[in-house]
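Topology and contacts: notes
The residues making up each chain are set out below.
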Protein chains: 2
Amino acid sequence: MPTSIKDIAKLLNVSVSTVSYAINGGPRTVSPEVREKVLDAARELGYRPNRVAKSMVTGRSRTIGIVPPEIVEDVLLSPYLQLALNGIFNAAGKSHHDLVLFTRLAGSGHEEVLSTILDGRVDGAVFIAPNSTNRAVLLAKELRIPCISLAGSEIDGVHTLSVANETGMRLAMRHLFDLGHRRIAHIAGRLDMQDAIERLRAYSEFMTNNRLAYHDSWVLKGQFHPDGGYAAMKSLLALPVRPTAVVCANDDMAIGALRACQEMGVSVPGEMSICGFDMTSASGLTIPPLTTVFQPIADMGRHAVKSVLDLIEGNPVPKHITFEPTLVVRSSTACPMMES
Amino acid sequence: MPTSIKDIAKLLNVSVSTVSYAINGGPRTVSPEVREKVLDAARELGYRPNRVAKSMVTGRSRTIGIVPPEIVEDVLLSPYLQLALNGIFNAAGKSHHDLVLFTRLAGSGHEEVLSTILDGRVDGAVFIAPNSTNRAVLLAKELRIPCISLAGSEIDGVHTLSVANETGMRLAMRHLFDLGHRRIAHIAGRLDMQDAIERLRAYSEFMTNNRLAYHDSWVLKGQFHPDGGYAAMKSLLALPVRPTAVVCANDDMAIGALRACQEMGVSVPGEMSICGFDMTSASGLTIPPLTTVFQPIADMGRHAVKSVLDLIEGNPVPKHITFEPTLVVRSSTACPMMES
DNA sequence: GAGAGGAATCGAAACGTTTCGATTCGCTTG
DNA sequence: CAAGCGAATCGAAACGTTTCGATTCCTCTC
C-alpha cells in the first residue's frame, strides 16, 4: 500500500536503480534533472524508505538490542536498570541508532525465544547484568553477535564493562571503620547476580583483614528489594548483640532497612548507621539522606553503546573495562554511640 | 554466513518451500519422515530464522514502537515514563512482542528522522504523552499506522488513553478544602503538555467555583522537575500572605517543594500542606510521605499494548478511554494552623 | 485399465531495497 | 570517420522468507 521506489520508477519511466541512486545520493551519480524529478515525485507520493527491505540487503539495521537482566517481574522498575537504560538511550540517539527492548528473554530458557536476538533485527546487543548462566549471552557469543555485558558476570570471551565492586565496598567499610564501627552487618543482594557476589565477598574480606569477628547472622539476603532490606533489618534489630552499622548491597534495600529502623524507633544514624550502594535518585530523598557508593552507571551505559558500535564496525575494543566507584557521604552514617 | 532455509534445502535435496512448511508446521503438511529430517538438519546447522526476511514478506514484525515525549534530556529518568514503560514492557512480553524505543524523535522535526517510525520495523506504536504539535503522531495518523496516544493531548482521529485529570485535581482540592484550607496554591507542570494544562484548568475552576480568591502569584510553573518545584515553593514562601497548602502537578515537583520547606524551616504539614500527583514510588519515601493523586499509569501502559494490538488485528477499539484517579492520603497534608 | 482424487512436493513469484555488470549514447581524438 | 572513453542509465541478481499454482505419483474406483 505505501509507495515504494518502484512506483516512482514507473511514474517517471526510469529504472529503480536510478531512483535509488537519486534518493541516496549515491553510490553512482545521476543527472541533476533526473535527481530533481525523482525527489519531487518522492515528496509528492509521500514515499518512505522501507527500512526492513534495506536491512535485508545491507545486513544492517542501525538498531541495538537491549537484554534486561533475568529478573522476572517489573524489571524496568529497577533504578539500576533505569539509570543504565537512560545512558544507553541517550548515547544511542546521538549515534543515530534505535533500541530494541527484548521483552521475553528474562528467565526464559526456551530456544525459540532465545533466537529472537539474532534474527537480524539488531546489529549488536547490550546485556544488562547477565549472570553466567544466562543462555542468551552464551548463544550470542557462540554466534559472534557483537555484544557487551554491562555489569554482569565475567563470561569467557564476552566483552565486559564492570564496576569495581571490591573498591566500592572497601570504601564504604573503611568509612564506617574509621567512624569507629566494629560490628558491621551486610545486607546482600540476589546472590545469583555478580554484583551481589562481589560485594559480599569484599565485605567478608574487609572483616577478616581487619580482624573483625562477624557472624553468619550479620549477613542477610535482601534480594535487592526494599522489602528484603526491611525484613533483613528487622532480624538484625532482633539480635541480642546488635551491629552498629550495616552496608546494603543497593539503595533500595537500604531504604527498606531505614524504614524498619524508623518503625522500631531506632534512630539513624544515632543507633544505627546505614550505607547504600548505587546512588540512585531515591537515595537522596530519604530522611536522613543515605550515605551511598556512587557508581557511574549512566556513563557505563553510554560506554556500552560506544563499545558495541566499535565491535560492529570491527574496531578494536578492550575485553574488559572497569569503572571506579566513589563514596558519597551523606547523613545516614555517623560515629556509633558509646556502649551503655 | 548464518545458515538459511536454502542451505537446509540443498543439503537434503528438497525444495525451500518444503523446508519452510516443515519448520513452521504449515500451512501445508509434509510427510513425517521429511519433517524429521528437516528439523534434524536445522538443529545440526544451527539454523535461526531471519526475522527481517520474514517481516519483509508477511509485513508483520511482532514489534511495537515506543515514542517517548518530546522532552529533550534524560527522558527515561522521568518516573512517569518509567511506570508507563514498565507496564507496556510487561504486557508486550506476555503477547510475544518486542519493543523498539525510538531514540531520535524527541524534539526533532527532521523529516528524515520522523520517517523511521513507519519504516516497517514496527506493527504499531504507542506515543507517550505527545502534545498536539507532535509531528510524529500527526504523520503516523496520516499514514494510518496503528497507534495509541497515552496520556497526551487529544488529537483528532488518534486513539487516546487518558486519565481524568480534572477528577484527580478536584479530589486533591476537595481534600484540602475539607481540611479547612482556603489559600491554596498550585505548582504547574510544563504547559506544553496536556496533563499540565488540564490540571491547571481544574485548579482554577475549583478555586472559582468555591469562591476562593486566588492570585497569579499562587500559580507557578515548575516544569515537572524537582528543581522547578523547589524554586516555586521558595517564591511562595517569600510572599507576604502565604498560602497554607499547595497542589503540585506531579510528585517530582512536590518533592522539590518539600525540600524547599525543610530548608526554610517551614514544617510540613504543620505550616504548609503539600499534595503531589502521580504516586510515583519516590512519593512514599519522603518524610513525611506525600499525599498524592494515584494514577493507574502501569495499567494504562498495559492497556495501550492491548489496544494497539487490537488496532493491528483490525478489531474495534474505542476512540477514547479515560482512567479514573484516586486520592492517596498520607502525611504531607493536614489542617491549617490557626491564624496567628 | 482408464480416470479421478488426493497427498506430497516442487518451482517461482513476491516483499522493497542495493548494487554490480551491461548497455546506450554523445563527444573527443587521432 | 572509426575507435575509444566517460557519463548516464538500465536490467537483473541478491538478501531470506512465505505462499500459491503446478506437478508428480500413488491409490482407489468403476
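Above this text sits the structure in question.
Let me sum up the structure you'll find in this document. Numbering of residues begins from 1 in every chain and follows the order in which that chain's sequence is written. Naming scheme: in the order in which they are written, chains are lettered from A and ligands are numbered from 1. Only residues with pLDDT of at least 70 are given local features in this predicted model, and only at 80 or more are side-chain atom pairs given and counted; all residues enter the totals for whole chains, interfaces and linings. No hydrogens and no water enter the side-chain calculation; it runs on all heavy atoms of the structure.

1. A closer look at the overall build of chain A
Helices and strands together make up the secondary structure of chain A, namely 12 helices and 12 strands. The C-alpha extent of chain A, read off along each of the three principal axes, is 95 × 35 × 30 Å. Partitioning the intrachain contacts of chain A with sequence separation of at least 6 by distance along the chain shows that 69% fall at a separation of at least 24. Per-residue accessibility takes into account occlusion by the displayed protein chains alone, with areas from the Shrake-Rupley method and a 1.4 Å probe. Carbon and sulfur atoms provide 54% of the accessible area of chain A, an area that totals close to 15,000 Å². A run of DSSP states H or I qualifies as a helix once it reaches four residues; a run of E qualifies as a strand once it reaches two. Both are numbered from the N-terminal end. In what follows, residue pairs with any heavy atoms lying within 4.5 Å of each other are defined as contacts.

2. Comments concerning the protein's contact with DNA strand D
Around DNA strand D, the structure places 29 residues, and the nearest of them are Ser15 and Thr18 of chain A together with Ser20, Tyr21 and Arg28 of chain B. Any residue with at least one heavy atom within 4 Å of a molecule or strand is counted as near it. Within 4 Å of the protein, the atoms of DNA strand D are drawn from sugar and phosphate moieties in a proportion of 52%. With respect to DNA strand D, the side chain of Asn24 of chain B contributes an N or O atom lying 3.0 Å from a phosphate oxygen. Gly counts as polar in this scheme, as do all residues outside two lists: the nonpolar Ala, Val, Leu, Ile, Met, Phe, Trp, Tyr, Cys and Pro, and the charged Asp, Glu, Lys and Arg. In terms of residue class, the surface near DNA strand D is made up of 13 nonpolar, 11 polar and 5 charged. Residues adjacent in sequence count toward polar contacts only when both atoms are side-chain atoms; beyond that, a polar contact is any pair of N or O atoms within 3.5 Å, and within protein one must be able to donate a hydrogen and the other to accept it.

3. Section: unusual backbone geometry
Each neighbour pair has its own omega, and for Ile287 of chain A with Pro288 of chain A the value is -5°, a cis peptide bond. Along the chain, Pro288 of chain A turns up in the loop between strand E9 (273-278) and strand E10 (291-294). For the bond running from Val268 of chain B to Pro269 of chain B, omega is 10°, close enough to zero to count as cis. On the secondary structure map, Pro269 of chain B appears in the loop between helix H11 (251-264) and strand E9 (273-278). Even without glycine at this site, Asp74 of chain A takes up a positive phi of about 50°. Considering the arrangement of structural elements, one finds Asp74 of chain A in the loop between strand E1 (63-67) and helix H5 (79-94). Not every positive phi belongs to a glycine, and Arg62 of chain B is a case in point at roughly 50°. Its location among the elements puts Arg62 of chain B in the loop between helix H4 (51-58) and strand E1 (63-67).

4. A few points about the interface of chain A and chain B
Contact residues are listed per partner, giving 48 residues for chain A and 48 residues for chain B. A quick way to say it: buried area is the sum, across both parts, of accessible area lost when two parts are put together, with a 1.4 Å probe. Each partner contributes to the roughly 4,200 Å² buried at the junction of chain A and chain B, and carbon and sulfur atoms together form 62% of this total. The working definition used for a salt bridge is a side-chain nitrogen of Lys or Arg within 4 Å of a carboxyl oxygen of Asp or Glu. Taken together, the connections running from chain A to chain B amount to 4 salt bridges. The salt bridge involving Arg104 of chain A is made with Asp98 of chain B; its shortest N-O contact spans 3.0 Å. Our count for the chain A to chain B interface comes out at 19 residue pairs in polar contact (both at pLDDT 80 or more). Sorting the residues of the side of chain A that touches chain B by element identifies helix H4 (51-58), H5, strand E2 (98-101) and helix H11 (251-264) of chain A as the ones contributing at least two each. The dominant element in the side of chain A that touches chain B, judged by the number of residues it contributes, is H5 of chain A, at 8 residues. Grouping the amino acids of the side of chain A that touches chain B by side-chain chemistry returns 23 nonpolar, 16 polar and 9 charged. The criterion for strand pairing is that DSSP finds at least two bridges linking the strands in question. Relative to strand E2 (residues 98-101) of chain B, E2 of chain A runs antiparallel, the two sharing 3 bridges. What sits directly across from Leu101 of chain A, in E2 of chain B, is Leu99 of chain B.

5. Topic: the relation of the copies chain A and chain B
The copies are overlaid by a least-squares fit using only the C-alpha atoms of residues whose pLDDT is at least 70 in both copies. Note on the copies: chain A fits chain B at an RMSD of 0.1 Å, the axial shift is 0.0 Å, and the rotation between them is 180°. Between the two chains, the operation in question is that of a two-fold axis. Nearest to the rotation axis, the C-alpha of Val100 of chain A is located 2.2 Å from it, this being the minimum over chain A. A shared interface surface links the copies, since 100% of the contact residues of chain A are contact residues in chain B too.

6. Side note on the pairing of strand E11 (residues 320-323) of chain B
Residue and element names in this part refer to chain B. Burial of the side chains of E11 is restricted to one face: Ile321 and Phe323 are buried, whereas none of His320 and Thr322 on the reverse face is. With 4 bridges connecting them, strand E5 (residues 159-163) and E11 associate as parallel partners. By the bridge assignment, Val163 is partnered in E11 with Phe323. Any residue under 20% of the maximum accessible area for its type is buried, any over 50% is exposed, and the rest in between are partly exposed; the area is computed with a 1.4 Å probe on protein chains only.

7. Observations concerning the protein's contact with DNA strand C
DNA strand C sits among 29 residues. The nearest are Ser20, Tyr21 and Arg28 of chain A together with Ser15 and Thr18 of chain B. Backbone atoms, meaning sugar and phosphate, form 50% of the atoms of DNA strand C found within 4 Å of the protein. Between Ser31 of chain B and DNA strand C, the recorded distance is 2.8 Å, taken from a backbone N or O atom to a phosphate oxygen. Counting residues per element, the ones that place at least two in the surface near DNA strand C are helix H1 (5-12), helix H2 (16-24) and H4 of chain A together with helix H2 (16-24) and H4 of chain B. Across the surface near DNA strand C, the residue classes break down as 13 nonpolar, 11 polar and 5 charged.

8. Description of the sheet that holds strand E8 (residues 245-248) of chain B
Residues and elements named next belong to chain B. Taken in spatial order, the 6 strands of this open sheet run E7-E6-E8-E9-E10-E12, and their pairing is mixed. The two strands at the open ends of the sheet, each matched to only one other strand, are strand E7 (219-221) and strand E12 (326-328). Averaged over neighbouring strand pairs, the angle between their axes works out to 20° when direction is ignored. All axes are obtained by fitting lines to C-alpha atoms, using only the stretch in contact for helices, and the reported angles, taken between N-to-C directions, cover 0 to 180 degrees.

9. Some details on the environment of Gln194 of chain B
Residues and elements named next belong to chain B. Along the chain, Gln194 falls in helix H9 (residues 194-209). Given a relative accessible area of 19%, Gln194 falls into the buried group. Considered as a pair, Gln194 and Asn165 are 29 residues apart in the sequence and their alpha carbons are 9.5 Å apart. Setting aside anything within four residues of it in sequence, one finds Gln194 in contact with Gly152, Ser153 and Glu154.

10. Examining H5 of chain A
Residues and elements named next belong to chain A. What a helix should span is 1.5 Å times the count of its residues minus one. Its 16 residues give H5 an end-to-end C-alpha distance of 23 Å, which sits within 8% of 22 Å, the value for a rise of 1.5 Å per residue. The buried fraction of H5 amounts to 14 of the 16 residues, a majority that puts the element mostly inside the structure. Directly after H5, the chain includes His96, whose backbone phi takes a positive value near 60°.

11. Observations concerning the environment of Asp119 of chain A
Mapped onto the secondary structure, Asp119 of chain A falls in the loop between helix H6 (111-114) and strand E3 (124-128). By relative accessible area, Asp119 of chain A is classed as buried at 2%. Residues within four places of Asp119 of chain A in sequence aside, it is in contact with Pro49, Asn50, Arg51 and Val52 of chain B.

12. Quick notes on the packing of aromatic side chains
Residue and element names in this part refer to chain A. Here a Phe, Tyr or Trp ring, Trp counted by its six-membered ring, pairs with any other such ring whose centre lies within 6.5 Å, and the pair is stacked when the planes are under 30 degrees apart, edge-to-face when over 60, and tilted otherwise. Overall, the coordinates contain 2 aromatic pairs over all chains when judged by the stated rule. Ring centres 5.9 Å apart and planes at 75° place the aromatic pair Phe177 and Phe206 in the edge-to-face group. On the criterion of sequence distance, the pair formed by Phe177 in helix H8 (residues 165-179) and Phe206 in helix H9 (residues 194-209) is long-range, its members being 29 residues apart. In this pair, the class of Phe177 matches that of Phe206, namely buried. Placement of a charge over a ring requires the Lys NZ or Arg CZ to be within 6 Å of the ring centre, with the centre-to-atom vector within 35 degrees of the ring normal. The aromatic ring of Phe177 is capped on one face by Arg182, whose charged end is 3.8 Å from the ring centroid.

13. Focus on the pairing of strand E4 (residues 147-150) of chain A
Residue and element names in this part refer to chain A. Along E4, one buried face is formed by Cys147 and Ser149 and the opposite face, lined by Ile148 and Leu150, is buried too. Pairing of E3 with E4, which is carried by 4 bridges, proceeds in the parallel orientation. Counterpart to Ile128 in the pairing with E4 is Leu150.

14. Quick word on the side chain of Thr286 of chain A
On the secondary structure map, Thr286 of chain A appears in the loop between E9 and E10. Within the structure, the side chain of Thr286 of chain A is placed 2.9 Å from the backbone oxygen of Pro288 of chain A, a separation counted as a polar contact. In this structure, Thr286 of chain A is in contact with Ile255 and Leu258 of chain A together with Leu285 of chain B, ignoring residues within four places of it in sequence.

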